[in-house]
Amino acid sequence: MPETAIAEANSPVTTNDLVVHNKFDGSVLATLPQCSEADVQVDLIRAASATPAAAAMPRHERGRILDTAADLLQERSQKVAELIVAEAGKTIKQARKEVARAVNTLKLSAAETRRNVGEVVPFDSFAGSENRQGWFTREPLGLIAAITPYNDALNLVAHKLGPAIAGGNTVILKPSQLTPLTAILLVDLLREAGLPAEFVTVVLGDRTIAQTIISSKLVRMVSFTGGFTTGRAIAANAGIKRLSMELGGNAPVIVFDDADLATAVEACVSGSFWAAGQNCIGAQRILVQRTVFNAFLKDFVAQTAALKTGDPRNEQTDVGPMISNGSAVEAKRKIDDAVVAGAQLLTGGTLNGPVLTPAVLTGVPRNCEAWSEELFAPVVLVEPFDSPEEAIELANDSEYALQAGVFTKDLGRALATAKAIDAGGVMINDSSDYRHDAMPFGGSKYGSMGREGVHFAYEEMTQPKVIAIAS
């Protein structure tokens, strides 16, 4: 737990305090003071006033801070993983992987400071400009508002802060109210590494506070990861500023009859239930060619039923709690609604507080929420298809798409299917649930706005400036 959180953990609770709970047992981890609207206005002015200093910081110093923070995070990885387990409910194995990814994200950000500086412009490529030479640089935008979710409470914060710092910006960070301690810990590590305190400001508060930040003219960009409802509100109220949003998905995975079924089953089980299904690229709709459907389904259900659920601190646990009892109850409702509409529940779907046992549904009508909406829960749909054209039609039957998966041994079929699927990324011979922190990451169709991935976020958070010399 970060020192700032420890200091507040036993303080008297006031009406404006944020109480942070352990997601498995409900115990209180900390109480933190929240910001008032007046506090946020002061924070915005302070952060905006620091933008010249952030822009003037030499690139080697930005890189050193990010590398040092990564090293500190690596040194304390076990303690940080334990905080993620308590605050976010991830299993200890999953939390350790998230810490490792966050270390890599910070290292990638440090590398970006040393290479992405701009390019020479070939002015003499156009007649009449032979007497000019020059270049463009990449300059910081200024103050960036970063709003982060609970499901990757460390690495998704690193994906905002790392590129922003690398680009010479200042940041107002509004982490999820459900997982603020992990975000505060990362900011503490960056400050310990040498980042001036005014370069990143953590703000805790409700939607009114977020609205104040988003609508401020001092903010040059809003970088948001979360849900569509909030994304629409941000877009409606942000005003004239740059927006980058990752708003979730409803990931399809296509399994053709020539696929290695053992590999496909294992990858899809992991891809469906990692982080208790609270994963924007987690497999939600698995489409299996009818000739191998029964064989796939039998093994998939058996492996799903064998997953161990419960205390995320236990090294043997595969699926821990959802982020809250309310989220688990809502996911259970969607399962029940699908069954009432005609779907079959083949395994799972049992509630024990915030823990929902991994559920497999088949025969889900297309008008059910379970088919058409992002479930963000340990619930997966497995459905048959007959032709490649039908598989692609089913895969694309969603208003929004982040990633998809395709299993086949036929390279031509794999590439043709990947081209036909409308998504931000297609993983071949893997489930949709794969992300390398250096690759471009973002959605397709409705709600697609910008790309993350360190290099691409860095470019979103900077702007070209041209210098031309006439001789």
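Details of the structure are given in the entry above.
Please read these numbers as outputs of a predicted model, since none were measured by experiment. (Residues numbered from 1 in each chain as written. Predicted model: local features only at pLDDT ≥ 70, side-chain atom pairs only at ≥ 80, totals over all residues. Heavy atoms only, no water.)

## What to know about the overall build of the protein chain
Looking only at helices and strands, one finds 17 helices and 21 strands in the protein chain. Seen through its principal axes, the protein chain has C-alpha atoms that stretch 70 × 70 × 40 Å. Looking at the protein chain as a whole, 54% of its 471 residues are labelled buried. Looking at the protein chain alone, contacts between residues at least 24 apart form 71% of all its contacts between residues at least 6 apart. (Helix = DSSP H or I, 4+ residues; strand = E, 2+ residues; numbered from the N terminus. Buried < 20%, exposed > 50% of the residue type's maximum accessible area, 1.4 Å probe, protein only. Contact = heavy atoms within 4.5 Å.)

## A word on the packing of aromatic side chains
On inspection of all chains with the given rule, the structure shows 6 aromatic pairs. Note on Tyr 150 and Phe 376: the rings are 6.0 Å apart at their centroids and 80 degrees apart in plane angle, and the pair reads as edge-to-face. Linking Tyr 150 in the loop between strand 5 (143–147) and helix 7 (155–166) with Phe 376 in the loop between helix 14 (369–372) and strand 16 (379–385), this pair joins segments that are 226 residues apart in sequence. For Tyr 150, a relative accessible area of 18% puts it in the buried group. Residues Phe 228 and Tyr 446 carry aromatic rings whose centres are separated by 5.6 Å and whose planes lie at 10 degrees to one another, so their mutual orientation is stacked. Of this pair, Phe 228 sits in helix 10 (residues 228–237) while Tyr 446 sits in the loop between strand 20 (444–445) and helix 17 (454–460), and the two are 218 residues apart along the sequence. By way of ring pairs, the aromatic residues Phe 228, Tyr 400 and Tyr 446 are connected into one cluster. Note that Arg 366 overlies the ring of Trp 371, its terminal NZ or CZ placed 4.1 Å from the centroid. Arg 413 extends its terminal NZ or CZ atom over the ring of Phe 256, reaching a point 4.4 Å from the ring centre. (Phe/Tyr/Trp six-rings, centres within 6.5 Å; stacked < 30°, edge-to-face > 60°. Lys NZ or Arg CZ within 6 Å of the ring centre and 35° of its normal.)

## Focus on the nonpolar core
Formed by 56 residues in total, the largest nonpolar core has its most connected members in Leu 73, Leu 106, Leu 154, Leu 161, Leu 173, Leu 186 and Leu 190. Here this core gets 8 residues from one element, more than from any other, and that element is helix 8 (residues 180–192). Leu 154 has contacts with Leu 73, Val 80, Ile 84, Glu 98, Val 99, Ala 102, Thr 182 and Leu 186, leaving out every residue within four places of it along the chain. Counting 53 residues, the second-largest nonpolar core is a separate cluster that includes Ala 276, Ile 335, Ala 404 and Ile 421. (Core = buried A, V, L, I, M, F, W, Y, C linked by side-chain atoms within 4.5 Å.)

## Concerning unusual backbone geometry
If you check the backbone angles, Ala 276 has positive phi at about 55 degrees while not being a glycine. Within the element layout of this structure, Ala 276 appears in the loop between helix 11 (261–273) and strand 11 (283–289). A relative accessible area of 2% places Ala 276 in the buried class. Here Asn 429, not a glycine, exhibits a phi torsion of approximately 60 degrees, which is positive. Secondary-structure assignment places Asn 429 in the loop between strand 19 (425–428) and strand 20.

## Observations concerning the sheet that holds strand 11
Each strand in a sheet pairs with another by means of backbone hydrogen bonds, the pair being arranged parallel or else antiparallel. Read from one edge to the other, the open sheet built from 7 strands follows the order 12-15-16-11-10-18-19, with strand pairing classed as mixed. In the strand order of this sheet, the two ends are held by strand 12 (344–347) and strand 19, each with one partner. The average undirected angle you get between the axes of adjacent strands in this sheet is 25 degrees. Where strand 11 meets strand 16, 5 bridges bridge the pair, whose relative direction is parallel. The residue bridging Arg 285 from the neighbouring strand is Leu 381, located in strand 16. (Pairing = 2+ DSSP bridges. Axes fitted to C-alpha atoms, helices over the stretch in contact; angles between N-to-C directions.)

## Quick word on helix 7
Taking 1.5 Å of rise per residue, 12 residues should cover 16 Å, and helix 7 covers 16 Å from first to last C-alpha, within 8% of that figure. Within the sequence span of helix 7, burial applies to Asn 155, Leu 156, Val 157, Ala 158, His 159, Lys 160, Leu 161, Gly 162, Pro 163, Ala 164, Ile 165 and Ala 166. Just downstream of helix 7 lies Gly 168, where phi reads positive at about 85 degrees. (Expected span 1.5 Å × (residues − 1).)

## Let's talk about the sheet that holds strand 6 (residues 170–174)
Judged by pairing direction, the sheet is parallel, and its 5 strands sit side by side in the order 7-6-5-8-9 without closing on themselves. At either margin of the open sheet sits one strand with a lone partner, and together these are strand 7 (200–202) and strand 9 (242–246). Mean inter-strand twist for the sheet, computed between neighbouring axes without regard to direction, equals 15 degrees. Relative to strand 7, strand 6 is paired through 3 bridges, and the arrangement is parallel. When the bridges of strand 7 are listed, Leu 173 appears paired with Val 202.

## Things to note about the pairing of strand 15 (residues 359–362)
Across the two faces of strand 15 the burial is the same, with Ala 359 and Leu 361 and Val 360 and Thr 362 all buried. In this sheet, strand 15 lies alongside strand 12 in antiparallel orientation, the contact comprising 3 bridges. Bridge pairing links Gln 344 to Thr 362 in strand 15. Where strand 15 meets strand 16, 3 bridges bridge the pair, whose relative direction is parallel. Counterpart to Val 360 in the pairing with strand 16 is Val 380.

## Some words on the pattern of salt bridges
Applying the stated criterion to the full structure yields 22 salt bridges. In this structure, the salt-bridge partner of Arg 101 is Asp 437, at a minimum N-O distance of 2.8 Å. Residue Arg 101 is found in helix 6 (residues 92–113), and its partner Asp 437 is found in the loop between strand 19 and strand 20; the two are separated by 336 residues along the sequence. Taken together, the shared-partner salt bridges in this structure form one network comprising Asp 67, Asp 71, Lys 107 and Arg 114. (Salt bridge = Lys/Arg side-chain N within 4 Å of Asp/Glu carboxyl O.)

## What to know about the environment of Asp 124
Structurally, Asp 124 is set in the loop between strand 3 (118–121) and strand 4 (132–140). It is 41 Å that separates the C-alpha atoms of Asp 124 and Phe 224, two residues lying 100 residues apart in sequence. Non-local contacts of Asp 124, meaning those with residues more than four positions away in its chain, are made with Ser 129 and Glu 130.

## Considering the packing of helix 7 against helix 8
Relative orientation of the contacting elements helix 7 and helix 8 amounts to 30 degrees, with a least axis distance of 10 Å. As judged from the angle between their axes, helix 7 and helix 8 are roughly parallel. Regarding helix 7 and helix 8, the two cross each other, and that crossing is right-handed. Listed contacts from helix 8 to Val 157, Ala 158, Leu 161 and Ile 165 of helix 7 are Ala 183, Leu 186, Val 187 and Leu 190. A per-class count over the contact of helix 7 with helix 8 returns 8 nonpolar, no polar and no charged. (Parallel < 35°, antiparallel > 145°, perpendicular 65-115°, else oblique. Left-handed = near helix turned anticlockwise from the far one by under 90°. Nonpolar A, V, L, I, M, F, W, Y, C, P; charged D, E, K, R; others polar.)

Geometric descriptors of this kind do not, in isolation, establish any biological role.
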